[in-house]
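Listed here are the chains, written in short residue letters.
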Amino acid sequence: MDTVKSSIDAKSAVRNTQSYESGVVPRRGETVMVAGEGCWMIDSEGQRYLDLTSSQGVAMLGYNHPVLTAAIQEQAALMHACPNFFHNDTRADFLNKLITATPLHLTRAFLGNSGAEAIDGAIKFARLATGRTGIVAFRNSFHGRTVGALSLTWNPRYRRKFEPLLPDVSHVPFNRIDLLDKAVGDGTAAVVLEVIQAEGGVHVGEGDFLEAVQQICRERGAKLVIDEVQTGFGRTGRWFGFQHFDLEPDIIALAKGLGGGFPMGAVVYTDEIQESVFSGAHGSTFGGNPLACAAGAAALSVYQDGLIEQAERAGDRLRAGLETAIGARRVVREIRGKGLLIGIDLRTKAVPFLKTLMETHKVLALPAGSTVLRLLPPLTISDEEIDLAVEAVAASLPA
Ligand SMILES: Cc1ncc(COP(=O)(O)O)c(C=O)c1O
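Below is a short write-up of the structure. Predicted, not measured: the structure shown is a model, and the values here were computed from it. (Residues numbered from 1 in each chain as written. Predicted model: local features only at pLDDT ≥ 70, side-chain atom pairs only at ≥ 80, totals over all residues. Heavy atoms only, no water.)

**So, a negative patch on the surface**
Rule in force here: Within this analysis, patches are made of residues with over 30% relative accessible area and no salt bridge. Like charges are joined at 9 Å or less; nonpolar side chains (Val, Leu, Ile, Met, Phe, Trp, Tyr) at 5 Å or less. Working definition of accessibility: Shrake-Rupley area with a 1.4 Å probe, residue cover restricted to the visible protein chains. The salt bridge definition used is simple: a Lys or Arg side-chain nitrogen within 4 Å of an Asp or Glu carboxyl oxygen. Counting rule for charge: Lys and Arg are taken as positive, Asp and Glu as negative, and neither His nor the chain ends is counted. For this purpose, a charge sits on NZ of Lys, CZ of Arg, CG of Asp or CD of Glu. Starting at the N terminus, helices and strands are each numbered in turn, a helix being any DSSP run of H or I of at least four residues and a strand any DSSP run of E of at least two.
On the surface, Glu206, Asp208, Glu211, Asp246 and Glu248 cluster together into a patch of negative charge. Assignment of secondary structure puts Glu206 in the loop between β9 (203-204) and α9 (207-220).

Written out as structure tokens, the structure reads:
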């Protein structure tokens, strides 16, 4: 009886969610997800779905991972809240692991709760460190939907109704050094970019362009902020997406995989930036919550234990499988991405194929822009699951 009641409540919650998602993701009907196991989601009817979304890129270890689950359970039994003005061992352990995982020059971390908050923090720290206000972002970027992050997000559909947003923000075409060169001046606090624009269509930054962004920032005294919310923690086959290139960002924004799916975010930055951060400059009641930190420490230990390398291998297999199965089909314009962040750019709208994938083949994928099918599976995906995914994608697209 209780189960029936909770699934009715959950169904109305699904409808509520859809009313404000307004078509950003394809409607997933009346499906009620109740559990997860490895790379699979399970609905209230017991139907299993191979999840190539990792719940929007967060469940990097899949569902019900024993190390993550045990860490959350143990911490919940110990204490689930502890304000930031007390030292807490779980938080300290997590911070140590996080700073160890990031490149040597990034020594400071501010803990928050989401990707958009991490971007907001990055904007504040860059403004403080430079005494400037301008931000340069890119067309097709996605940085989140708080007022600060939305000011950097490109898609007019997300922005229009909320303008005016932050002043002094400009959007430059991605991969265009000449136009960036004109946009960055002595009022620019930061250039903020994704090395792979994920939600905007899985557009990979060109090495020359990304290195020019860094060069221009250095020459003009602007901070280089890299949004690693979606590309961090092995998603692209490296710890961080920027590590595919010769880059040393001043600030990185993290979330999604940071807590293995548990909500948390972080801004990680240099000692030099810390010099201008005064007491009270930034804060968060929930940031650094011990449950989130226990989840984060567990997730980091699993990434550390060979999962990043495994993600690189899995990404190669998935990419090669897709190229062989569908690369030459007329409907496919291009397959792009890195590691386990893959976009299949179609010559037609992606949403109908996402529906077929889910309804007929019981495989979950995401859109990225209107024509791109985006695959973001958990890093733990097995070879058999990859082969199944390739078969399902191939079967869902016209021959
Ligand atoms: C690159 C990037 N930045 C920021 C965000 C915002 O993260 P959140 O939804 O946790 O606020 C996202 C979310 O998809 C993202 O992909």
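What follows continues from the structure just given.
**With respect to the packing of helix α12 (residues 351-359) against helix α13 (residues 383-396)**
Between two packed helices, both the angle of their axes relative to each other and the distance between the axes serve to describe the pair. The test is simple: To define axes, lines are fitted to C-alpha atoms, for helices over the stretch in contact only, and angles between the resulting N-to-C directions are given on a 0 to 180 degree scale. Here the word oblique covers every angle except those under 35 degrees (roughly parallel), over 145 (roughly antiparallel) and from 65 to 115 (roughly perpendicular). It is the rotation of the near helix from the far one that decides the hand of a crossing: anticlockwise by less than a right angle makes it left-handed, clockwise makes it right-handed. Throughout, a residue-residue contact means that at least one pair of heavy atoms, one from each residue, lies within 4.5 Å. Note that Gly is not counted as nonpolar here; it falls among the polar residues with everything else outside the nonpolar set of Ala, Val, Leu, Ile, Met, Phe, Trp, Tyr, Cys and Pro and the charged set of Asp, Glu, Lys and Arg.
Close contact between α12 and α13 brings their axes to 9 Å; oriented N to C, the two are set at 125°. The angle between α12 and α13 falls in the class oblique. In the packing of α12 onto α13, the handedness of the crossing is right-handed. On α13, the residues touching Phe353, Thr356 and Leu357 of α12 are Ala392, Val393 and Ser396. Grouping the constituent residues of the contact of α12 with α13 by class yields four nonpolar, two polar and no charged.

**Some remarks on the site of the ligand**
The test is simple: We call a residue near a molecule or strand when any one of its heavy atoms sits within 4 Å of it. As used in this structure description, the phrase polar contact means that two N or O atoms lie within 3.5 Å; if the pair is within protein, one of them must be able to donate a hydrogen and the other to accept it, and residues adjacent in sequence are counted only when both atoms belong to side chains.
Around the ligand, the structure places Ser114, Gly115, Ala116, Phe142, His143, Gly144, Glu194, Asp227, Val229, Gln230 and Lys256. Between Asp227 and the ligand, the recorded distance is 2.7 Å, taken from a side-chain N or O atom to a nitrogen atom. Alone, the ligand offers 400 Å² of accessible surface; in the complex the protein occludes 80% of this. Here the shell around the ligand is built from residues that sort into three nonpolar, five polar and three charged.

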